[in-house]
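# Survey of secondary and tertiary structure
One-letter residues, chain by chain:
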Amino acid sequence: MYFIILFSSKQFYDYFWGMTIETFKQLSMPEKLSALKHDGELLGPYERNDANGGPKTPGDIYALADFFVYLSEDETIVVPSRRNPLPAL
């Protein structure tokens with residue numbers, strides 16, 4: 001008996017080689033939130049500086065594969081980064 005599993009090229013890549021920051025950036029917002037929910041590791045809270053010098057935006061930092069992701073508390077801002085913004089312990 002044989003089973004055939006159909007993958008899209010992105011699903012195939014992610015299944016066999018894992019998520020990269022480049023593939024994460026191409027995901028839709030619901031797909032990004034799902035990836036964080038299922039595969040992300042919550043590292044801790046973080047307040048992100050506003051680009052225009054405004055108030056800081058509270059959120060959390062997640063580790064996902066070999067990169068980090070900032071997710072705002074209201075889940076409207078998702079920023080992947082290769083650098084961990086949390087201070088080393």
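Preceding block: the structure.
Throughout what follows, the structure given in this document is the object of discussion. (Residues numbered from 1 in each chain as written. Predicted model: local features only at pLDDT ≥ 70, side-chain atom pairs only at ≥ 80, totals over all residues. Heavy atoms only, no water.)

### Describing the environment of Asp-60
Looking at where Asp-60 falls in the secondary structure, it is placed in strand E2 (residues 57-64). Asp-60 has contacts with Leu-42, Gly-44, Pro-45, Tyr-46, Val-69, Tyr-70 and Leu-71, leaving out every residue within four places of it along the chain. (Helix = DSSP H or I, 4+ residues; strand = E, 2+ residues; numbered from the N terminus. Contact = heavy atoms within 4.5 Å.)

### Quick notes on the packing of aromatic side chains
Describing an aromatic ring pair means giving the distance of the ring centres and the angle of the ring planes. In the structure shown here, the tally under the stated rule is 2 aromatic pairs. Geometrically, the ring pair formed by Phe-24 and Phe-67 is tilted, given 5.6 Å between the ring centres and 55° between the ring planes. Within this pair, whereas Phe-24 is found in helix H2 (residues 21-26), its partner Phe-67 is found in strand E3 (residues 67-72), the two being separated by 43 residues in sequence. Comparing Phe-24 with Phe-67 shows no difference in burial state: the two are buried. Consider the rings of Tyr-46 and Tyr-70, whose centres lie 6.2 Å apart with planes at 75°: the pair is edge-to-face. Here Tyr-46 is found in strand E1 (residues 41-48), whereas its partner Tyr-70 is found in strand E3, with 24 residues between them in sequence. Since its relative accessible area comes to 25%, Tyr-46 is described here as partly exposed. Under the relative-accessibility criterion, Tyr-70 is labelled buried at 4%. (Phe/Tyr/Trp six-rings, centres within 6.5 Å; stacked < 30°, edge-to-face > 60°. Buried < 20%, exposed > 50% of the residue type's maximum accessible area, 1.4 Å probe, protein only.)

### So, a negative patch on the surface
A contiguous patch of negative charge on the surface is contributed by Glu-47, Glu-73, Asp-74 and Glu-75. With respect to the helices and strands, the residue Asp-74 is situated in the loop between E3 and strand E4 (78-81). Classification of Asp-74 as exposed rests on a relative accessible area of 53%. (Patch = residues over 30% accessible without salt bridge, like charges linked within 9 Å, V, L, I, M, F, W, Y side chains within 5 Å. Areas by Shrake-Rupley, 256 points an atom, 1.4 Å probe, with all protein chains shown as cover. Salt bridge = Lys/Arg side-chain N within 4 Å of Asp/Glu carboxyl O. Lys, Arg positive; Asp, Glu negative; His and termini not counted. Charge placed at Lys NZ, Arg CZ, Asp CG, Glu CD.)

### What to know about the environment of Glu-41
On the secondary structure map, Glu-41 appears in strand E1. Not counting the four nearest positions on each side in its chain, Glu-41 is found in contact with Ile-61, Tyr-62 and Ala-63.

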